[in-house]
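Residues per chain, in single letters:
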Amino acid sequence: MTKEDPSNTAWQQLLGKSYSRMGWALEHAEKPELALEFYGAALKVMERQAGRETGAGPMRREVITLKLEIGRIHLDEGRLAEALPPISEALALAKSAVE
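Heads up: these notes are all about the structure in this document.

What counts, and at which threshold
The residue numbering used here restarts from 1 in each chain and proceeds along that chain's sequence as written. For this predicted model, a pLDDT threshold of at least 70 governs which residues receive local features, and a threshold of 80 or more governs which side-chain atom pairs are given and counted, while totals over whole chains, interfaces and linings are taken from all residues. Water and hydrogen atoms play no part in the side-chain values, which are based on all heavy atoms of the structure. Strands are runs of DSSP state E lasting at least two residues, helices are runs of H or I lasting at least four, and both sets are numbered from the N terminus onward. The span expected for a helix works out to 1.5 Å for each residue beyond the first. For every residue, the accessible area obtained with a 1.4 Å probe (protein chains only) is divided by the maximum for its type, and the residue is called buried under 20%, exposed over 50%, and partly exposed between those limits. The contact definition used throughout considers only heavy atoms, calling two residues in contact when any of these lie within 4.5 Å. Note on geometry: axes are C-alpha line fits, over the in-contact stretch for helices, and angles between N-to-C directions span 0 to 180 degrees. Orientation is classified from the angle alone, with under 35 degrees giving roughly parallel, over 145 giving roughly antiparallel, 65 to 115 giving roughly perpendicular, and any other angle giving oblique. If you view the pair so one helix is near and one far, a crossing is left-handed when the near helix is turned anticlockwise from the far one by less than a right angle, and right-handed when it is turned clockwise. When residues are grouped by polarity, Ala, Val, Leu, Ile, Met, Phe, Trp, Tyr, Cys and Pro land in nonpolar, Asp, Glu, Lys and Arg in charged, and all others, Gly among them, in polar.

In this section: helix α3 (residues 58-76). It helps to recall that an α-helix has 3.6 residues per turn; residues three or four apart then point in one direction. With 19 residues, α3 should cover 27 Å at 1.5 Å per step; its first-to-last C-alpha distance of 27 Å lies within 8% of that length. Within the span of α3, buried status applies to Met 59, Val 63, Ile 64, Leu 66, Lys 67, Ile 70, Gly 71, Ile 73 and His 74. The inward-facing, buried residues of α3 contact α1 (9-28), α2 (32-51) and α4 (80-98). Of the residues trailing α3, Gly 78 is marked for its positive phi of about 80 degrees.

Structure below.
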């Protein structure tokens with residue numbers, strides 16, 4: 001459905017949330033690398049949706065949350081260098097939403 005109608009935000013949001021939930025499930029199944037793949041896929045979908053929003057909408061919050069999740073997994077795996085960029089990006093987005 002999302003390929004047939006990529007402008008349908010409801011389907012895009014469901015796709016992003018589905019990827020995110022798979023990431024969460026894989027993370028809790030102690031498969032962090034697979035979780036990162038699904039969180040990354042969710043992030044791509046949500047960033048596209050956030051680009052269509054004005055201001056600090058719900059998709060921007062999803063993007064921030066996903067970046068924080070990705071950073072946290074890297075931290076949990078002892079990869080500080082990989083953790084800092086997504087966490088810093090989440091912080092910058094959050095700051096711009098409240099300014």
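Taken N-terminus to C-terminus, the directions of α3 and α4 make an angle of 155 degrees; their axes are 8 Å apart at the nearest point. The orientation of α3 with respect to α4, classified from their angle, is roughly antiparallel. Of the two possible hands of crossing, α3 and α4 adopt the one that is left-handed. On α4, the residues touching Arg 60, Val 63, Ile 64, Lys 67, Leu 68, Ile 70, Gly 71, Arg 72, His 74 and Leu 75 of α3 are Leu 80, Glu 82, Ala 83, Pro 86, Ile 87, Glu 89, Ala 90, Leu 93, Ala 94, Ser 96 and Ala 97. Here the residues of the contact of α3 with α4 are counted per class, giving 13 nonpolar, three polar and five charged.

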